Amino acid sequence: GIQVEQSPPDLILQEGANSTLRCNFSDSVNNLQWFHQNPWGQLINLFYIPSGTKQNGRLSATTVATERYSLLYISSSQTTDSGVYFCAVDWAGSYQLTFGKGTKLSVIP
Amino acid sequence: IAGITQAPTSQILAAGRRMTLRCTQDMRHNAMYWYRQDLGLGLRLIHYSNTAGTTGKGEVPDGYSVSRANTDDFPLTLASAVPSQTSVYFCASSDQGAAGELFFGEGSRLTVL
């Protein structure tokens, strides 16, 4: 099956700093999604982004499918950005999304 | 507010007991999923259903069963709970299966003693 690797595994930021989270995948994918799991455990879909760039407020994401990676940018980070960020991919022949292990982000005041 | 409702939110269960986790969605999504989340292992798919009346096995189906009698409901049953089934369980749905945007419920924390 496909391998999905996220980096870094852990990240600590000062409030106001910017960050880039990376998701690499080992095979062609039909789509890619980014999720945020907040400290209370809720999983929220941030982006559905099979290719190209999308922006939503301080967050943006870019997927370069031909090079098998996606980046999630967080600008001017806030403490509410803390949590775990997962990417998940849908690859050819699969009936399910395959999730990466996540990047744990801690934003400190 | 439209979305996915899971019940119970939290449950402590004696080993050997039967337990059903409920999941209801009001988005009329065709596909529904059950995941378990364990520290260090991430999210793993237990069972899925691409449409009402059909179900399939995911990565970790042993000890669990599901049914999909209608579009909205997708209950997960543990026939005889074991301590290794202690986990947080998430129900999710999508309007296009794996190709569609995935939405999650709030989760059900289950502890089997």
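Refer to the preceding data block for the structure.
Residues numbered from 1 in each chain as written. Chains lettered and ligands numbered in written order. Predicted model: local features only at pLDDT ≥ 70, side-chain atom pairs only at ≥ 80, totals over all residues. Heavy atoms only, no water.

1. Observations concerning the environment of Pro50(A)
Working step 1: For Pro50(A), the position within the fold is in the loop between strand E5 (43–48) and strand E6 (52–56).
Working step 2: Pro50(A) has contacts with Asn30(A), Asn31(A), Leu32(A), Thr63(A) and Ala65(A), leaving out every residue within four places of it along the chain. (Helix = DSSP H or I, 4+ residues; strand = E, 2+ residues; numbered from the N terminus. Contact = heavy atoms within 4.5 Å.)

2. As for the pairing of E5(A)
Residues and elements named next belong to chain A.
Working step 1: With five bridges joining them, strand E4 (residues 29–37) and E5 adopt antiparallel strand pairing. Paired with Gln33 across the bridge in E5 is Tyr48.
Working step 2: Where E4 folds back on E5, the antiparallel hairpin that results is connected by five residues, among which Gly41 adopts a positive phi of roughly 95°. (Pairing = 2+ DSSP bridges.)

3. Quick look at the sheet that holds strand E3 (residues 19–25) of chain B
All names here are of chain B.
Working step 1: Read from one edge of the open sheet, four strands run E1-E3-E8-E7, paired in antiparallel fashion. The open sheet is flanked by strand E1 (4–7) and strand E7 (64–66), the only strands paired with a single partner. Averaged over all pairs of adjacent strands, the angle between strand axes in this sheet comes to 15°, irrespective of strand direction.
Working step 2: Here E3 runs beside strand E8 (residues 76–78); their pairing, made up of three bridges, is antiparallel. Within E8, the position partnered with Met19 by the bridge is Leu78. (Axes fitted to C-alpha atoms, helices over the stretch in contact; angles between N-to-C directions.)

4. So, the environment of Asp38(B)
Residues and elements named next belong to chain B.
Working step 1: Inspection of the secondary structure puts Asp38 in strand E4 (residues 31–38).
Working step 2: Of the residues examined, Asp38 reaches a relative accessible area of 13% and is grouped as buried.
Working step 3: In this structure the C-alpha to C-alpha distance between Asp38 and Gln85, which are 47 residues apart in sequence, comes to 9.7 Å.
Working step 4: Residues within four places of Asp38 in sequence aside, it is in contact with Arg44, Thr86 and Ser87.
Working step 5: A polar contact is formed between the side chain of Asp38 and the side chain of Arg36, at a distance of 2.8 Å. (Buried < 20%, exposed > 50% of the residue type's maximum accessible area, 1.4 Å probe, protein only. Polar contact = N/O pair within 3.5 Å; in protein donor to acceptor, adjacent residues only side chain to side chain.)

5. Some thoughts on the interface of chain B and chain A
Working step 1: The partner chain A presents 17 residues to the 19 residues of chain B that form the contact.
Working step 2: Summing the contributions of chain B and of chain A, the shared interface buries around 1,500 Å²; its carbon and sulfur component is 57%.
Working step 3: Sorting the residues of chain B by area buried against chain A places Leu43(B), Ala98(B) and Phe104(B) first, and these three jointly supply 29% of that buried surface.
Working step 4: Counting across the chain B and chain A interface gives zero salt bridges.
Working step 5: Here chain B is connected to chain A by five residue pairs in polar contact (both at pLDDT 80 or more).
Working step 6: For the side of chain B that touches chain A, the secondary-structure elements that each account for two or more residues are E4 and strand E5 (42–49) of chain B.
Working step 7: It is E5(B) that provides the largest number of residues to the side of chain B that touches chain A, a total of four residues.
Working step 8: A per-class count over the side of chain B that touches chain A returns eleven nonpolar, five polar and three charged. (Buried area = accessible area lost by both parts, 1.4 Å probe. Salt bridge = Lys/Arg side-chain N within 4 Å of Asp/Glu carboxyl O. Nonpolar A, V, L, I, M, F, W, Y, C, P; charged D, E, K, R; others polar.)

Worth remembering: the numbers are spatial, not functional.
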